[in-house]
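# Coordinates in review
The lines below spell out each chain.
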Amino acid sequence: MVYASGQDVADCFGKRHGDVLEAGRNLLKSNAGGIFRWLTETAYADVNGESRPCIDMTRDGFTLVAMGF
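Below, the structure is looked at part by part. The model shown is predicted, which means the values in this text are computed figures rather than measured ones.

Criteria and thresholds
- Residues numbered from 1 in each chain as written.
- Predicted model: local features only at pLDDT ≥ 70, side-chain atom pairs only at ≥ 80, totals over all residues.
- Heavy atoms only, no water.
- Salt bridge = Lys/Arg side-chain N within 4 Å of Asp/Glu carboxyl O.
- Helix = DSSP H or I, 4+ residues; strand = E, 2+ residues; numbered from the N terminus.
- Buried < 20%, exposed > 50% of the residue type's maximum accessible area, 1.4 Å probe, protein only.
- Pairing = 2+ DSSP bridges.
- Contact = heavy atoms within 4.5 Å.
- Axes fitted to C-alpha atoms, helices over the stretch in contact; angles between N-to-C directions.
- Phe/Tyr/Trp six-rings, centres within 6.5 Å; stacked < 30°, edge-to-face > 60°.

### Things to note about the pattern of salt bridges
Inspection of the entire model under this criterion finds 4 salt bridges. For Arg-25, the salt bridge identified is with Glu-41, shortest N-O distance 2.6 Å. Of this pair, Arg-25 sits in helix 2 (residues 17-30) while Glu-41 sits in strand 2 (residues 39-45), and the two are 16 residues apart along the sequence. Residue classification places Glu-41 among the partly exposed positions, given a relative accessible area of 39%. The partner of Asp-46 in a salt bridge is Arg-52, with the nearest N and O atoms 2.9 Å apart. In this structure Asp-46 comes out as buried when scored by relative accessible area, which is 17%. Judged by relative accessible area, Arg-52 falls into the partly exposed class, the value being 35%. Bridged by salt links that share partners, the residues Asp-46, Glu-50 and Arg-52 form one connected network.

### Notes on the sheet that holds strand 3 (residues 51-57)
Reading across from one edge, 1-3-2 is the order of the 3 strands in this open sheet, with antiparallel pairing throughout. In the strand order of this sheet, the two ends are held by strand 1 (4-5) and strand 2, each with one partner. Two strands pair when backbone bridges link them, and strand 1 and strand 3 are joined in this way by 2 bridges, in the antiparallel orientation. In the strand pairing of strand 3, Ala-4 is matched with Met-57. Packed onto the sheet, helix 3 (residues 59-67) meets strand 2 and strand 3 and runs at close to 105° relative to strand 3.

### Quick notes on the environment of Leu-64
With respect to the element layout, Leu-64 can be found in helix 3. Classification of Leu-64 as partly exposed rests on a relative accessible area of 35%. For the pair Leu-64 and Gly-24, spaced 40 residues apart in sequence, the C-alpha to C-alpha distance is 8.9 Å.

### What to know about the side chain of Thr-58
Along the chain, Thr-58 falls in the loop between strand 3 and helix 3. The exposure class assigned to Thr-58 is buried, which follows from its relative accessible area of 5%.

### Remarks on the packing of aromatic side chains
Taken as a whole and assessed by the stated rule, the structure comprises 1 aromatic pair. A centroid spacing of 6.0 Å and a plane angle of 40° characterise the contact between Phe-13 and Phe-62, whose relative ring orientation is tilted. In this pair, Phe-13 is assigned in helix 1 (residues 6-13) and Phe-62 in helix 3, connecting sequence segments 49 residues apart.

Without other data, these values stay purely geometric and don't point to any function.
Okay, structure coming up:
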């Protein structure tokens, strides 16, 4: 399965990563239509090696998040 990260979405739409993260978290809280299959909160290591939160999403998750922008 193909995934996009929240950072990919932020870059594509000229948004802040924090805004994409917030949108993904809000969708996860609502669990609208079984959203847990489409979005996963994960983490990545930044340039300093510190763990930072991120949202990974399937094509359907991407569509939901992107439609909000």
